[in-house]
Amino acid sequence: MLSSTLIQKYTHLFKILDFDHDGLILKQDFESLGENVSIFRCLMPPHEIEAFITKRGQDFWDRLQQFLSRQQPSRCNLDNWLKFMEAVTVNEEFGSFEEIAKQAAEDIFFIYDKDKNNFLSKQEYMCFFVSLRVEIKFIDICFKKLDLNNDLQLSKEELSTAIQEFFLSEDTKKPGNLLFGNPENYQFETRKSLYSDV
């Protein structure tokens, strides 16, 4: 059973991935998100990073579909998304979440570490924020909290730690809770009712 803290964070991520805000995560949401990432990373097709984004999106969608095929209804509404996240993080049905977090950090660096110095600058992390359409007003506080050693950049270790804290920790004071902006304030007011009704 997921805690209220984890439900809040997973719902926050659901709203980010539900790109058209219709209360369902569909394949086209991942495609739209991938296009947005490519645009804000200033990629001109064909580009290896664009191909990588497409491949990662397809891999995630296939894994989600595999899970949804066992659910009724077999679509990714918020209820099924929360079940999926519990399967991934708590039950570790798809492997060690620590390894998943490390791979996610590697993937984010591959996409957003534009100068390839193995650190994310505030500007590079801002690109991550903008491409996910997270409210930019949160970038200062989020980056500062995630930068654990205050060197004005994020290492892969800091990012991996933040990912694990976001997905696993029930401690509301952990810096990783701000990985995707502030989950307490991020919502689509005009469509909010959809998330409980679909």
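The rules behind the values
Residues numbered from 1 in each chain as written. Predicted model: local features only at pLDDT ≥ 70, side-chain atom pairs only at ≥ 80, totals over all residues. Heavy atoms only, no water. Salt bridge = Lys/Arg side-chain N within 4 Å of Asp/Glu carboxyl O. Helix = DSSP H or I, 4+ residues; strand = E, 2+ residues; numbered from the N terminus. Buried < 20%, exposed > 50% of the residue type's maximum accessible area, 1.4 Å probe, protein only. pLDDT = per-residue confidence, 0-100. Contact = heavy atoms within 4.5 Å.

Looking at the pattern of salt bridges
Step number 1: Summed over all chains, the structure comprises nine salt bridges.
Step number 2: Between K102 and E98 there is a salt bridge whose closest N-O contact spans 3.5 Å. Within this pair, K102 and its partner E98 are both found in helix 5 (residues 97-112), separated by four residues, close to a single helical turn.
Step number 3: Its relative accessible area of 40% is what places E98 among the partly exposed residues.
Step number 4: Between K137 and E135 there is a salt bridge whose closest N-O contact spans 3.7 Å.
Step number 5: Salt bridges sharing partners connect three or more residues here, namely K55, R56, D59 and D107.

Observations concerning the confidence of the model for the protein
Step number 1: When the pLDDT values of the protein are averaged, the result is 91; 93% of them are 70 or greater.
Step number 2: The model gives residues 186-198 a pLDDT under 50, and that stretch makes 29 contacts with residues more than four places away or in other chains.

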